[in-house]
Amino acid sequence: MSFSPPQDDGTVSITFQGKTATLPVLSGASGNSVVDIRSLTKELGLFTFDPGLGSTAACESKITFIDGEKGILLYRGYPIEQLAAKSSFAEVAYLLLYGELPSKEEHEDFKERLLNHSLLHEQIRNFFNGYRRDAHPMAMLCGTVGGLSAFYPEGIDISNEESRDLSAVRLIAKMPTLAAWAYKYSRGEPFVYPRADYSYSENFINMLFARADRPYKVNPILSNALDRILILHADHEQNASTSTVRLTGSTGSHPFACVAAGIAALWGPAHGGANEAVLQMLGKIGSKENIPDFIAKVKDKNSNVRLMGFGHRVYKNFDPRAKIMQQTCYEVLEELGIKHDPLLELAIELEKYALNDDYFVQRKLYPNVDFYSGIIFKAMGIPKSMFTAFFAVARTVGWVSQWKEAFNDPLRRIYRPRQLYTGHQRRDLNK
Ligand code: ACO
């Protein structure tokens, strides 16, 4: 097989067994160009092989751009640093969904829609009753979100733009209520309902922490910090859970079922489960003296131990979200009057140690967004098992925005990858 370098006419050629395929190279607005291989199989009988899809652009998208080398993250063109500093989560959700920041009226109207749809059908209470009290919140979220598809049969009409939009808004609006109820259920406490005078993040905090037996006031520093954390997690182009939502959506499934699939993908420790895993790891390390031994274990390929909260498939310089998260972490601890947090101090030492170690430097492994988020959540009184549920609430915006975008893509097809088969050749039963 031989490849020609990109030609002036914007093509590459591949010659295989005497036949040549000329493939166009497509350029987007930013980022790597892509070789359009759609005619490869027809012309040369070849598939491409890319386990983990690290070199594959699976779709065209206008929503989020990441430059992993430069540590850049843009939502609809706006840098994450500016959005985190100056926008509310509702504004960012609107931006991701509809492509532009809302005007004042659009913002008010969108907040009202989110509020209106934040209530759950009373029968959903019975869903929770079916779970054990110690069920993981992500298990409850997966089940209840999937189950909600039965409550909205009109969601099946995915050919209708208005119905798709309604499903998207419903999902964003209901996720904090579902996540908070999963938490309340695990504690055996009564569910708290959304309030019309609270913002999205205030409501989320109130539904988690308000109790029937005493007054509760949402701390604005904490709700602002939560708003920022939700903004940082809202979308991240074609990550594992978003690709899962797109893949499930490509079959024409109900949007609530697609998001339930995304929740399942997010749950894993290599993805959204990492912030929970970071705290477990810090707990196991225990104190600063044990860092060198722990890092030696991480570097030992036979140990299967990873430095959780480090490394990223795309960021190979720094994760811009991690910087904002670290700053937010300091602000939250200060507001809560926590002068010395042993976990934060251990995390800072661990980060310093790893960033000076050749193993991590050579592999371009830096702290990712999850390295500090767990410490903030812990300081806010949120239990470890809820960390990934917070991530799911935020990422729902990205999931539904990408799910909606896929419908307007003229190239939309069912996802159906191929394989390199390495099993038995045909053989016959010996009886
Ligand atoms: N600790 C130790 N070594 C690591 C780590 C880590 N956290 N991450 C990558 N490596 C090493 C690999 O062992 C590999 O080494 P090798 O070349 O000697 O074999 C090299 O770095 C490349 O790693 P890959 O696994 O190929 O990187 P990939 O892009 O597939 O994985 C991932 C990215 C899953 C995030 C990985 O870095 C990881 O497991 N990190 C820890 C879990 C984590 O924090 N996940 C959160 C990601 S961010 C998010 O989802 C919000």
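Residues numbered from 1 in each chain as written. Predicted model: local features only at pLDDT ≥ 70, side-chain atom pairs only at ≥ 80, totals over all residues. Heavy atoms only, no water.

A.B. asks: I'd like to hear about the site of the ligand, residue by residue, with values.
C.D. replies: The environment of the ligand is made up of 21 residues, and the closest members are Arg-306, Leu-307, Gly-309, Arg-313 and Tyr-359. Contact distances for the ligand include 2.9 Å between an oxygen atom and a side-chain N or O atom of Lys-301. Within the contact set of the ligand, a nitrogen atom lies 2.9 Å away from a backbone nitrogen or oxygen of Phe-310. Within the complex, 74% of the 930 Å² of free accessible area of the ligand lies under protein. Taken together, the residues of the shell around the ligand sort by class into 11 nonpolar, five polar and five charged. (Near = heavy atom within 4 Å. Polar contact = N/O pair within 3.5 Å; in protein donor to acceptor, adjacent residues only side chain to side chain. Areas by Shrake-Rupley, 256 points an atom, 1.4 Å probe, with all protein chains shown as cover. Nonpolar A, V, L, I, M, F, W, Y, C, P; charged D, E, K, R; others polar.)

A.B. asks: Any details on the domain arrangement of the protein chain? Residues and values, ideally.
C.D. replies: If you check the domain split of the protein chain, you get domain 1 (7-57) and domain 2 (82-412). On a C-alpha basis, the centroid separation for the pair domain 1 and domain 2 is 36 Å. (Domains from an automatic or database assignment.)

A.B. asks: Help me get a handle on the sheet that holds strand 7 (residues 78-79), residues and values and all.
C.D. replies: Two pairing modes exist for strands in a sheet, parallel and antiparallel, and in both the strands are linked by backbone hydrogen bonds. The three strands are arranged 5-6-7 in an open sheet whose pairing can be described as antiparallel. Two strands lie at the open edges of the sheet, namely strand 5 (64-67) and strand 7, each paired on one side alone. (Pairing = 2+ DSSP bridges. Helix = DSSP H or I, 4+ residues; strand = E, 2+ residues; numbered from the N terminus.)

A.B. asks: Which residues make up the nonpolar core, and what values do they have?
C.D. replies: Ranked by size, the top nonpolar core spans 117 residues in total, and within it Tyr-75, Met-281, Leu-282, Leu-307 and Leu-350 carry the most contacts. The element that contributes the greatest number of residues to this core is helix 7 (residues 161-187), accounting for 13 residues. Dropping the residues within four chain positions of it, Leu-350 is found in contact with Met-281, Leu-282, Ile-285, Ile-291, Phe-294, Ile-295, Leu-307 and Phe-371. Counting seven residues, the second largest nonpolar core, distinct from the first, contains Val-12, Ala-21, Leu-23 and Leu-40. (Core = buried A, V, L, I, M, F, W, Y, C linked by side-chain atoms within 4.5 Å. Buried < 20%, exposed > 50% of the residue type's maximum accessible area, 1.4 Å probe, protein only. Contact = heavy atoms within 4.5 Å.)

A.B. asks: I'd like a rundown of unusual backbone geometry, residues and numbers included.
C.D. replies: Residue Gln-17 is not a glycine yet carries a positive backbone phi of 50 degrees. Tracing the backbone through its elements, the reader meets Gln-17 in the loop between strand 2 (11-16) and strand 3 (19-26). The phi dihedral of Lys-364 is positive, around 55 degrees, even though this residue is not glycine. Inspection of the secondary structure puts Lys-364 in the loop between helix 16 (358-362) and helix 17 (370-379).

A.B. asks: Residue-level account of the UniProt feature "active site" (unreviewed entry) in the protein chain, with values.
C.D. replies: Under the present numbering, the feature "active site" (unreviewed entry) in UniProt falls on His-312 and Asp-370. The annotated residues occupy 59 residues of the chain but converge on a single region, no pair of C-alpha atoms lying more than 10.6 Å apart. Residue His-312 is classed as partly exposed on the basis of its relative accessible area of 23%. Sequence-distant contacts of His-312, defined by excluding residues within four places in its chain, comprise His-236 and Arg-321. A distance of 3.3 Å separates the side chain of His-312 from the backbone nitrogen of Tyr-315, its partner in a polar contact. By relative accessible area, which is 4% here, Asp-370 ends up buried. Those residues within four positions of Asp-370 in sequence are excluded, and the remaining contacts are His-233, His-271, Ala-274, Asn-275, Val-278 and Phe-391. (UniProt positions renumbered as here; feature names shortened; annotations may be inferred.)

A.B. asks: Outline the pairing of strand 2, supporting the account with residue identities and numerical values.
C.D. replies: Inspection of the sheet shows strand 2 paired to strand 3 by six bridges, in the antiparallel sense. In the sheet register, Val-12 faces strand 3, and the bridge partner there is Leu-23. Here strand 2 folds back onto strand 3 in antiparallel fashion, the turn holding two residues, of which Gln-17 has a positive phi close to 50 degrees.

A.B. asks: Tell me about the packing of helix 7 against helix 8 (residues 200-209), and name the residues and values.
C.D. replies: Interaxial distance between helix 7 and helix 8 falls to 8 Å at its minimum, and their mutual angle equals 20 degrees. Taken together, the axes of helix 7 and helix 8 are roughly parallel relative to one another. Helix-helix and strand crossings are classified by hand; for helix 7 and helix 8 the assignment is right-handed. On the side of helix 7, the interface is formed by Ile-172, Ala-173, Pro-176, Thr-177, Ala-179, Ala-180, Tyr-183 and Lys-184, while helix 8 contributes Tyr-200, Phe-204, Met-207, Leu-208 and Phe-209. In terms of residue class, the contact of helix 7 with helix 8 is made up of 11 nonpolar, one polar and one charged. (Axes fitted to C-alpha atoms, helices over the stretch in contact; angles between N-to-C directions. Parallel < 35°, antiparallel > 145°, perpendicular 65-115°, else oblique. Left-handed = near helix turned anticlockwise from the far one by under 90°.)

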